[in-house]
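Architecture at a glance
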Amino acid sequence: MARSSATAPDAFTGATPDNAMRDADRAEAAMVAADGTPLKRSLNRALRAQKLRALALIAPLLIFVLVTFVAPIADMLFRSVENDIISENLPRTVQALDNWNGEDLPDEEVFRALGADLVIASELRNHTRIGSRLNYEMTGISSLFRQTGRDVDDIGEIYADQFIALDEAWEEPSTWMTLMAADRWIEDREGWLRDAAEAEAAQDAAETREEARALDFDTPEPAFRISDLASEALPRTASIYSEFARVIQTEDEDSPAEEDPWNIVYQALYEDLSAGRGEGYEGEAAALIAAAREAVPQFEERSVRDFFLEEIDEDWADTQIWGTIEAFSDPYTAGYFLTAADLRLTANGIEAQPEGEQIYLMLFQRTLFMSLAIMFSCIALGYPIAFLLSNLPMRTSNLLLILVLLPFWTSLLVRTSAWKVLLQQQGVINDILVWLGVISDTARLALINNQTGTIIAMTHILLPFMILPLYSVMKTIPPHYVRAAKSLGATNWTAFWRVYFPQSVPGIGAGCILVFILSIGYYITPELVGGTTGTFISNRIAYHISTSLNWGLAAALGTILLVVVLVLYYLYDRLVGIDNVSLG
Amino acid sequence: MPDGHSQQAFVEFDRVQKSYDGETLVVKDLNLSIGRGEFLTMLGPSGSGKTTCLMMLAGFEVATHGEIRLDGREINNIPPHKRGIGMVFQNYALFPHMSVAENLAFPLEVRKIGKSEREAKIRRALDMVQMGDFGGRRPAQLSGGQQQRVALARALVFEPELVLMDEPLGALDKQLRETLQFEITRLAHDLGITVVYVTHDQTEALTMSDRVAVFDDGRIQQLATPDALYEQPQNSFVAQFIGENNTLEGEVVALEDGRCVVRLDASGEQIDAVPVNVSKVGDKTLVSIRPERVEFDPDWDERSLTLDAEVLEFIYMGDVFRTRLRIAGRDDFIVKTRNRADQTRLRPGQKVKIGWLPQDCRALDP
């Protein structure tokens, strides 16, 4: 018999459902609505209100998730590259180190800058934080910084004494005010003093205690402003002095007008004057400066570098320390990621960590390997159960499903602890095996505090996540496919393997993704039953978050974990296709 | 048309019974023999046991009692995949993860047929159902009609002698169903295969089959050729189930050599009828008359019977007119007349006389 038409074997011209489908396929893309606008655009316009309403419906959840979940995680992940502690607290040192050749001991300028930075940092009590940050990269720096912070105040003391010996005016805060403060600030401050006095007078005049309290004057002193004249003539002194004024005002809530300057200010003044600066200074204290300029060459000199090495700690002669400071002077660093990959950033570039300190790559490998093992044991155990469930009558399968879900209603900790009881060497399972004669009493199996323990306990915990998607997919596979396969001559096994199994693959895919991603980030169970060989990368992350407080490294490890999961997800999508994943 | 009765039986059900729960029989004492090359339809309402019979033949259900023989060999204990029976399912059951060609290759692969021969057979089978260009498609990309063609090709590609079809056209629209009915019949006769076809659609059964087995309540109510089934139903179930039917309740008042007289319960009028399921005078009976055998204002000889009727409703159906009448106390008496140029179109309320030939009026069981 001749074929009527290859493309339309059901050659009806009427409006059958089949024909309607074919017509829809054939419909042209660029349709135009009645008013001439493209159909797509008018459709979009019509749908916009609907979309806005949908957006309004999800908005509360979206905002909740963004605020409580996405933003903190993003912030946490950002810590893996964030490194502004060095550049923020040691700005002068970082700048001075630019000229350092990286091999010799840095010169006097670098030490002077470090001295100034550390005085300020220790006044702000930041020097220990810098120390612990650098300690992640080089052991021992933390104590060096703590030690230095105690002694750094004395830098410049020798010059302070000599300046004061030269002219007692140098000891007076008022002298420094005339020298350093901007005229406008002095005016502002006078106004503020007047206000304070008025407030006090009014308070004194108040009749009751409550009234007096209401008149309390709590406006802070206006923020200190350095005079332009001073910044131009004595840049270092001006810079250090304004830091001093800022710390005095914000930290101590005192006035720079009433406080003796730090020794380091005298040091800076000496540096300025001995470098020949301050010549053109024509302010009120010009005479004082001129006198000091003349006296400075006769001053007894003390190099800051020598002070560091002799008075504070000879470790400052170690160029590795300087290399570490320089290596981590950028506000962003790859250091945490390098550490997470068992590498480290040194003055000489990137190199591998010493043998004994390489743990992270091994931990990542172990996490991946064990997650895969858990995933495969979940498939092996879950597939038959899901198959049985989906082929039983509704009543029975519901009952069994409750049994599958039962573990969900028990606390995770209880379940994991139960495994401890079952799996330990003197535990139930070993006892039974010994009693059955499978193993001898002297050769009890080590089932806990190792990888076996973690795999057993986590397979049990994650099994429902494999069974449920498998079950829901298998339930949708109609039994007539297998019947059809058998009627076509397939044995039970062929019918299962060639017809049933391929259709259950979406369920396996969904189960695998769930189980794998859950287990790769699992923490509590490996912690409890994993011992030392059965722990995951997440246990290390938790350690850095809560014990070592190296949040940057924890964030880097977490980021790598996230990226690994996303890459695997992508690979899965390419290999299996994410459309093939079905939760039922 | 092959005559199934006279040939040696190809498929035989011998006193087959089936029970699912051990309390009620779904199939009660089934005896049926199907000849080689015959197209036999099992027709019946849902729950009548017809699909169970098919599944027992396919091997998906085990007979509780009795023997099923295929080509003289008992197959009760042979698993389905060794029976070599082709099967077409109502919902096509095309494997969704395989292309059309792979679906067709499946039965050949499990039979270890070589690649070149396989491809030739697939091509021939697809051409046979006019789907030659669709080998690379997935079932989901095909329309319902196309899917059923592929399912048909798949059931035929391994050249089974017996093909079972379980309501294969149930999900298709009417026009497509009619085309495929024709094609399935043609293919079955061209290939000389034996077909057991299950349906609940009587038109399908009548147009396609050599013989039809009407199932009800786990039994075959009548096994006959389509014309015999329609014109000579053996009991009132068959008469009601096949085609449209007017029934009048009555009592046999006279019975002699192939004729009987029935007094209608409602009006007391006496009519002639062919006795089918009545045995003696005084039996209660249901008299059955096909709507198209009734004439208005008949001018036959005195043997024919005329009754007074009142038109209640006139329905224009295109090729036929359907008139609902009140007759002998009943108001659901239907008369079908062809849409001829001279055919009068009755109006509701009109009084008419109607009549029919005694041989068209069958006295069946009540």
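Residues numbered from 1 in each chain as written. Chains lettered and ligands numbered in written order. Predicted model: local features only at pLDDT ≥ 70, side-chain atom pairs only at ≥ 80, totals over all residues. Heavy atoms only, no water.

Quick look at the overall build of chain B
Quick reminder of the rule: A run of H or I in DSSP becomes a helix once it reaches four residues, and a run of E becomes a strand once it reaches two; helices and strands are each numbered from the N terminus. Whether a residue is buried, partly exposed or exposed follows from its accessible area with a 1.4 Å probe, protein chains only, as a fraction of its type maximum: under 20%, in between, or over 50%, in that order. Contact between two residues is taken to exist if any of their heavy atoms lie within 4.5 Å; hydrogens are not considered. We get accessible surface area from the Shrake-Rupley algorithm with a probe of 1.4 Å; when it comes to residues, only the shown protein chains can shield them. Positive: Lys, Arg. Negative: Asp, Glu. His and the chain ends are not part of the count. For this purpose, a charge sits on NZ of Lys, CZ of Arg, CG of Asp or CD of Glu.
Within chain B, the secondary structure is distributed over 8 helices and 20 strands. Expressed as lengths along the three principal axes of its C-alpha atoms, the size of chain B is roughly 75 × 50 × 35 Å. Considering chain B as a whole, with its 366 residues, one finds that 53% of them fall into the buried category. The contacts in chain B between residues at least 6 apart in sequence include a share of 66% that link residues at least 24 apart. Just so you have it, chain B exposes about 16,100 Å², and 45% of that area is on carbon and sulfur atoms. Across chain B, the mean location of the 44 positive side-chain charges is 5 Å away from that of the 56 negative side-chain charges.

Digging into the sheet that holds strand β9 (residues 211–216) of chain B
Residues and elements named next belong to chain B. So the rule is basically this: By definition, two strands form a pair when at least two bridges between them are found by DSSP. What counts as an axis is a line fitted to C-alpha atoms, over the stretch in contact for a helix, and the angles between N-to-C directions run from 0 to 180 degrees.
Pairing within the open sheet is mixed, and its 6 strands lie in the order β6-β7-β8-β3-β9-β10. Each edge of the open sheet carries a strand with a single partner, namely β6 (85–88) and β10 (219–224). In this sheet, neighbouring strand axes are inclined to one another by 20 degrees on average, regardless of whether the strands run parallel or antiparallel. Where strand β7 (residues 162–166) and strand β8 (residues 194–199) come together, 5 bridges link them in parallel fashion. The partner of Leu162 across the bridge, within β8, is Thr194. Packing against the sheet, helix α5 (residues 174–191) makes contact with β3 (39–43), β7 and β8, and its axis sits at approximately 140 degrees to β3.

Thoughts on the sheet that holds strand β5 (residues 73–74) of chain B
All names here are of chain B. One open sheet holds the 4 strands; their spatial order is β2-β1-β4-β5, and the pairing between them is antiparallel. The open sheet is flanked by β2 (27–35) and β5, the only strands paired with a single partner. The sheet contact formed by strand β4 (residues 65–70) and β5 spans 2 bridges and is antiparallel. When the sheet's bridge partners are listed, Arg69 is paired in β5 with Glu74.

Regarding the pattern of salt bridges
Selection rule: Salt bridges are identified by distance alone: a Lys or Arg side-chain nitrogen within 4 Å of an Asp or Glu carboxyl oxygen.
This model, assessed by the stated rule, comprises 50 salt bridges over all chains. Between Asp441 of chain A and Arg444 of chain A there is a salt bridge, and its shortest N-O distance comes to 2.8 Å. One salt bridge connects Asp71 of chain B with Arg36 of chain B, and the closest N-O pair in it is separated by 2.8 Å. With Asp71 of chain B in the loop between β4 and β5 and Arg36 of chain B in the loop between β2 and β3, this pair connects stretches of sequence that are 35 residues apart. Judged by relative accessible area, Asp71 of chain B falls into the partly exposed class, the value being 40%. Arg36 of chain B sits in the partly exposed class, given a relative accessible area of 36%.

A word on the confidence of the model for chain A
Close inspection of predicted coordinates is inappropriate for parts of the model with low pLDDT. Residues and elements named next belong to chain A. Note the cut-off: The predictor reports its confidence for every residue as pLDDT, a score running from 0 up to 100.
In this model, chain A carries a mean pLDDT of 85, and residues with pLDDT of at least 70 account for 93%. Confidence scores differ between elements of chain A, with helix α1 (residues 17–26) showing the lowest mean pLDDT of 56 and helix α19 (residues 360–391) the highest of 93. Low pLDDT, under 50, characterises residues 1–10; the stretch is placed with 24 contacts to residues that sit more than four places away or in other chains.

A word on empty space enclosed by the protein
Residues and elements named next belong to chain B. Applicable threshold: A 1.4 Å probe that fits into a set of points on a 1 Å grid over the protein atoms alone but cannot get out defines a cavity; an open set with protein on both sides within 12 Å along at least five of seven lines defines a pocket, and lining residues are those with an atom within 4 Å of a point. Grid points are joined across faces, edges and corners, and a volume is the space filled by probe spheres set on the points. Asp, Glu, Lys and Arg are counted as charged, while Ala, Val, Leu, Ile, Met, Phe, Trp, Tyr, Cys and Pro are counted as nonpolar; the rest, among them Gly, fall into the polar class.
Evaluation of the coordinates by the stated rule reveals 1 cavity of 30 Å³ or more. Computed from the structure, the largest cavity encloses a volume of approximately 40 Å³. As for the largest cavity, its lining consists of Met56, Glu61, Val62, Ala63, Ile68, Ile75, Asn76 and Arg83. A breakdown of the residues in the lining of the largest cavity according to their chemical character gives 5 nonpolar, 1 polar and 2 charged.

Some points on the layout of surface pockets
Residue and element names in this part refer to chain A. Heads up, the rule is: Residue ranges for the domains originate in an automatic or database domain assignment.
Considered as a void within the structure, the largest pocket measures approximately 710 Å³ in volume. Lining of the largest pocket is provided by 28 residues; of these, Tyr136, Glu137, Met138, Gln353 and Glu357 occupy positions nearest its centre. At the level of secondary structure, the elements contributing two or more residues to the lining of the largest pocket comprise α6 (127–137), α17 (319–327), β1 (343–346) and α27 (537–546). Broken down by element, the residue count for the lining of the largest pocket peaks at 4 residues, all from α17. Among the domains, domain 2 (87–105 + 114–154 + 316–355) and domain 4 (360–580) are the pair contributing at least three residues each to the lining of the largest pocket.

What to know about the interface of chain B and chain A
Rule in force here: When two components associate, each loses some accessible surface as probed by a 1.4 Å sphere; the sum of these losses over both components is called the buried area. Counted as a polar contact is a pair of N or O atoms within 3.5 Å, where, for protein atoms, one must be capable of donating a hydrogen and the other of accepting one, and residues adjacent in sequence contribute only when both atoms are in side chains.
Across the boundary between the two partners, chain B contributes 37 residues, which contact 28 residues of chain A. Carbon and sulfur atoms make up 61% of the surface buried where chain B meets chain A, a total of about 3,000 Å² over both sides. Interface area lost by chain B to chain A is led by His81, Phe106 and Gln130 of chain B, which between them contribute 20%. At the boundary of chain B with chain A, the tally comes to 2 salt bridges. The shortest N-O distance in the salt bridge between Glu109 of chain B and Arg498 of chain A comes to 2.7 Å. At the junction of chain B and chain A, the tally comes to 4 residue pairs in polar contact (both at pLDDT 80 or more). Those elements that place two or more of their residues in the side of chain B that touches chain A are β6, α2 (100–110), α4 (144–157) and α5 of chain B. Take the side of chain B that touches chain A: its biggest share by element is 5 residues, from α4 of chain B.

Overview of the environment of Glu61 of chain B
Its place among the elements puts Glu61 of chain B in the loop between α1 (50–58) and β4. Expressed as a C-alpha distance, the spacing of Glu61 of chain B and Leu142 of chain B, which sit 81 residues apart in the sequence, is 31 Å. With near-sequence residues (within four places) excluded, Glu61 of chain B lies in contact with Arg483 of chain A together with Lys18, Tyr20, Met55 and Met56 of chain B.

Comments concerning the packing of α6 of chain A against helix α7 (residues 141–151) of chain A
Residues and elements named next belong to chain A. Formally: Roughly parallel refers to an angle under 35 degrees, roughly antiparallel to one over 145, roughly perpendicular to one between 65 and 115, and oblique to any angle outside these ranges. For any pair of crossing helices, the crossing counts as left-handed if the nearer helix is rotated counterclockwise from the farther one by less than a right angle, and right-handed if it is rotated clockwise.
Contact pair α6 / α7: the axes reach a minimum separation of 7 Å and the direction vectors enclose 160 degrees. On the basis of their axis angle, the class for α6 and α7 is roughly antiparallel. The two elements α6 and α7 meet at a crossing, and its hand is right-handed. Here His127, Thr128, Ile130, Gly131, Ser132, Leu134 and Asn135 of α6 lie close against α7, whose contacting residues are Ile141, Ser142, Phe145, Arg146 and Gly149. Each residue belonging to the contact of α6 with α7 can be placed in one class, and the counts come to 4 nonpolar, 7 polar and 1 charged.

Structural notes on the side chain of Ser142 of chain A
Residue and element names in this part refer to chain A. Tracing the sequence through the fold places Ser142 in helix α7. The class of Ser142 is buried, set by a relative accessible area of 13%. Residue contacts for Ser142: discarding those within four places in its chain leaves Gly131, Ser132 and Asn135.

Considering the packing of aromatic side chains
Residues and elements named next belong to chain A. Using the following cut-off: Working definition: rings of Phe, Tyr and Trp (its six-membered ring) pair if their centres are within 6.5 Å, and the pair is stacked with planes under 30 degrees apart, edge-to-face with planes over 60 apart, and tilted otherwise.
Across all of its chains, the model carries 35 aromatic pairs over all chains by this definition. When the centroid spacing of 6.2 Å and the interplanar angle of 10 degrees are considered together, the rings of Tyr270 and Phe299 count as stacked. Of this pair, Tyr270 sits in helix α14 (residues 263–274) while Phe299 is found in the loop between α15 (286–295) and α16 (304–312), placing the two residues 29 residues apart along the sequence. By the burial criterion, Tyr270 is buried, and Phe299 matches it. Here the aromatic rings of Tyr383 and Phe496 are separated by 6.0 Å at their centres, their planes lie at 85 degrees, and the arrangement is edge-to-face.

What about the confidence of the model for chain B?
Residue and element names in this part refer to chain B. Residue-level pLDDT values for chain B average 87, and 96% of them are 70 or greater. Contacts from residues 1–6, a stretch scored under 50 in pLDDT, to residues over four places away or in other chains number 6 contacts. Two numbers describe this predicted complex: its pTM, 0.73, and its ipTM, 0.81.

Overview of the packing of α19 of chain A against helix α25 (residues 492–520) of chain A
Residue and element names in this part refer to chain A. Two numbers describe how α19 lies on α25: the axes approach to 9 Å, and their chain directions differ by 135 degrees. Between α19 and α25, the angle falls in the class oblique. Crossing geometry of α19 relative to α25 is assigned as right-handed. Across the interface between the two elements, Thr367, Leu368, Ser371, Leu372, Ile374, Met375, Cys378, Ile379, Tyr383, Phe387, Ser390 and Asn391 from α19 touch Phe496, Tyr500, Phe501, Ser504, Ile508, Cys512, Val515, Phe516, Ser519 and Ile520 from α25. Grouping the amino acids of the contact of α19 with α25 by side-chain chemistry returns 16 nonpolar, 6 polar and no charged.

Quick look at helix α24 (residues 480–487) of chain A
Heads up, the rule is: This arc is taken over the directions from the axis of the helix to the C-beta atoms.
Restricting attention to buried positions, one finds in α24 of chain A the residues His480, Tyr481, Ala484, Ala485 and Ser487 of chain A. Considered in projection along α24 of chain A, the buried side chains sweep an arc of 165 degrees and stay on one side of the axis. Contacts made by the buried residues of α24 of chain A are with α25 of chain A together with β6, α2 and α4 of chain B. A positive phi of about 110 degrees marks Gly489 of chain A, the residue just after α24 of chain A.

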